[in-house]
Amino acid sequence: MSSLTEDVKHESERGELLKVLVDWGLEWMPFYELRSQIQSRTDRRLSDAELKFQLNYLEQRGYAERKLLRAGVADVELLVIRGTSKAADLLGHVIPPDPGVAV
């Protein structure tokens, strides 16, 4: 795949991720639910590594937050993600477009 094609694919994936996170009301959502929502919206299954790559970008740009919840007694971990108000502003065209996110 060419570099340009790969860039467009990544921009589109990031845009879809933001739409899911904003549609979720900027509330925390489980990682597995985000993966499921993306798959149902795009008919494409992103691997955990691909999804985390896109989340890293969105987090570094201030559009998403994530945290790991732990239940020590049960030894259970749950990764949760939420969109930020900056993400909602980007989708609502309140702030200038981001060239790395197709909205």
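Whatever comes next refers back to the structure up there.
Quick summary incoming for the structure in this document. Nothing here was measured: the structure is a model prediction, and the numbers come from that model. (Residues numbered from 1 in each chain as written. Predicted model: local features only at pLDDT ≥ 70, side-chain atom pairs only at ≥ 80, totals over all residues. Heavy atoms only, no water.)

**Side note on unusual backbone geometry**
Now for step 1: Located in the positive-phi region is Leu26, a residue other than glycine, with phi close to 60°.
Now for step 2: Residue position: Leu26 is located in the loop between helix H1 (3–23) and strand S1 (29–30).
Now for step 3: A positive phi is found at Asp43, a non-glycine position, where the angle reads about 55°.
Now for step 4: Looking at the secondary structure, you find Asp43 in the loop between helix H2 (31–42) and helix H3 (48–60). (Helix = DSSP H or I, 4+ residues; strand = E, 2+ residues; numbered from the N terminus.)

**Notes on the sheet that holds S1**
Across a sheet, strands are paired by hydrogen bonds formed along the backbone, either parallel or antiparallel in direction.
Now for step 1: Judged by pairing direction, the sheet is antiparallel, and its three strands sit side by side in the order S1-S3-S2 without closing on themselves. A single partner strand is all that each edge strand has here, and the edge strands are S1 and strand S2 (64–71).
Now for step 2: Direction of pairing for S2 relative to strand S3 (residues 76–83): antiparallel, over a ladder of eight bridges. When the bridges of S3 are listed, Arg66 appears paired with Ile81. (Pairing = 2+ DSSP bridges.)

**What about a nonpolar patch on the surface?**
Now for step 1: On the surface, Tyr32, Leu69 and Leu78 cluster together into a nonpolar patch covering about 270 Å² of accessible area.
Now for step 2: Take Tyr32: it is sitting in helix H2.
Now for step 3: A relative accessible area of 48% means that Tyr32 is categorised as partly exposed. (Patch = residues over 30% accessible without salt bridge, like charges linked within 9 Å, V, L, I, M, F, W, Y side chains within 5 Å. Areas by Shrake-Rupley, 256 points an atom, 1.4 Å probe, with all protein chains shown as cover. Salt bridge = Lys/Arg side-chain N within 4 Å of Asp/Glu carboxyl O. Buried < 20%, exposed > 50% of the residue type's maximum accessible area, 1.4 Å probe, protein only.)

**As for the packing of H2 against H3**
Two quantities define a packed helix pair, namely the angle between the axes and the distance from one axis to the other.
Now for step 1: Two numbers describe how H2 lies on H3: the axes approach to 11 Å, and their chain directions differ by 100°. By the angle between their axes, H2 is roughly perpendicular relative to H3. Packed against H2, whose contacting residues are Phe31, Leu34 and Arg35, the element H3 presents Asp48, Leu51, Lys52 and Leu55 at the interface.
Now for step 2: When the residues that make up the contact of H2 with H3 are grouped by side-chain class, the tally is four nonpolar, no polar and three charged. (Axes fitted to C-alpha atoms, helices over the stretch in contact; angles between N-to-C directions. Parallel < 35°, antiparallel > 145°, perpendicular 65-115°, else oblique. Contact = heavy atoms within 4.5 Å. Nonpolar A, V, L, I, M, F, W, Y, C, P; charged D, E, K, R; others polar.)

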